[in-house]
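Notes for the structure review
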Amino acid sequence: RPQPSVKWLINGILVDEQYEHNSGDVIENRLLWPAIQRSDLNSIFTCQATNTLLVEPKESSFVLDLHLKPLSVKIMNPQTPLVADRRYEISCESVGSRPNAIITWYKGKRQLRRAKEEILNNTTRSELSFVPTTEDDGKQITCRAENPNVTGLFLETSWKIEVV
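Attention here is on the structure that accompanies the text. (Residues numbered from 1 in each chain as written. Predicted model: local features only at pLDDT ≥ 70, side-chain atom pairs only at ≥ 80, totals over all residues. Heavy atoms only, no water.)

Turning our attention to the pairing of strand β5 (residues 44–50). Examined bridge by bridge, strand β1 (residues 5–10) and β5 share six bridges and lie antiparallel to one another. For K7, the partnering residue across the bridge sits in β5 and is Q48. Pairing geometry for β5 and strand β6 (residues 58–63), over six bridges, is antiparallel. If you follow C47 over to β6, its bridge partner there is S60. (Pairing = 2+ DSSP bridges. Helix = DSSP H or I, 4+ residues; strand = E, 2+ residues; numbered from the N terminus.)

Printed below as a string of structure tokens:
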């Protein structure tokens, strides 16, 4: 007579079949996955319980979803020098955040608001429209890409502007 068992499979591959008999008829298998990685996104975790060969195993599955930090953030084609009192469009692109990143722009510590954003295939692109003044010479323009669901999951890059 086969022994009842509980095992874990990930994407159909057996990863853990160590179980323990608890009080009564309870058999338990606790899966400890030491380090979830980006590559584990959308993996199917299946817990499978077998009692006898006469009955199909019972199983329960879930698909792993993850909140991920952006992999990159980049200001695209920064111009230098900038001419004071002329309008410029500057783009910033972020890849890899899940869900897609929210992009925020700063000049020094002040947040800039004139930006439009578009999202395509796990890439967020933001275009900032701003008019520098001669007082902005030497200031930093910062693009911050942040996961909207987890505080602190962000990347940022800065560009020191030269205004003439």
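A few words now on the sheet that holds strand β14 (residues 154–160). Taken together, four strands build an open sheet; the order of strands is β10-β9-β13-β14 and the sheet is antiparallel. Whereas interior strands pair on both sides, the edge strands pair on one side only; in this sheet they are β10 (110–112) and β14. Averaged over all pairs of adjacent strands, the angle between their axes in this sheet comes to 30°, without regard to strand direction. For strand β9 (residues 102–107) and β10, the ladder comprises three bridges, and the chain directions are antiparallel. In the sheet register, Y106 faces β10, and the bridge partner there is Q111. (Axes fitted to C-alpha atoms, helices over the stretch in contact; angles between N-to-C directions.)

What follows deals with the nonpolar core. In this structure, L82, W105, F130, I141, C143, W159 and I161 are the most contacted members of the largest nonpolar core, which totals 19 residues. Elements with a contribution of two residues or more to this core: β7 (72–76), β8 (88–95), β9, β12 (123–130) and β13 (140–146). Grouped together as the second largest cluster of nonpolar side chains are six residues, W8, F45, L64 and L66 included. (Core = buried A, V, L, I, M, F, W, Y, C linked by side-chain atoms within 4.5 Å. Buried < 20%, exposed > 50% of the residue type's maximum accessible area, 1.4 Å probe, protein only.)

Centre distance and the angle of the planes are the two values used to describe a pair of aromatic rings. The final tally for this structure, using the stated rule, is two aromatic pairs. Look at W33 and F45: their rings are 6.1 Å apart centre to centre, the planes differ by 85°, and that puts the pair in the edge-to-face class. One end of the pair, W33, is in the loop between β4 (27–28) and β5; the other, F45, is in strand β5, with 12 residues separating them in the sequence. Judged by relative accessible area, which is 33%, W33 ranks as partly exposed. Residue F45 is classed as buried on the basis of its relative accessible area, which comes to 4%. (Phe/Tyr/Trp six-rings, centres within 6.5 Å; stacked < 30°, edge-to-face > 60°.)

Our next topic: the pattern of salt bridges. Taken as a whole and judged by the stated rule, the model has seven salt bridges. Among the salt bridges present, the one from R30 reaches E28, with a minimum N-O distance of 2.6 Å. Look at E28 and you get partly exposed, because its relative accessible area is 23%. As a salt-bridge pair, R144 and E156 come within 2.9 Å of each other at their nearest N and O atoms. Taken as a pair, R144 in strand β13 and E156 in strand β14 lie far apart in primary sequence, 12 residues in all. Owing to a relative accessible area of 42%, E156 belongs among the partly exposed residues under this scheme. (Salt bridge = Lys/Arg side-chain N within 4 Å of Asp/Glu carboxyl O.)

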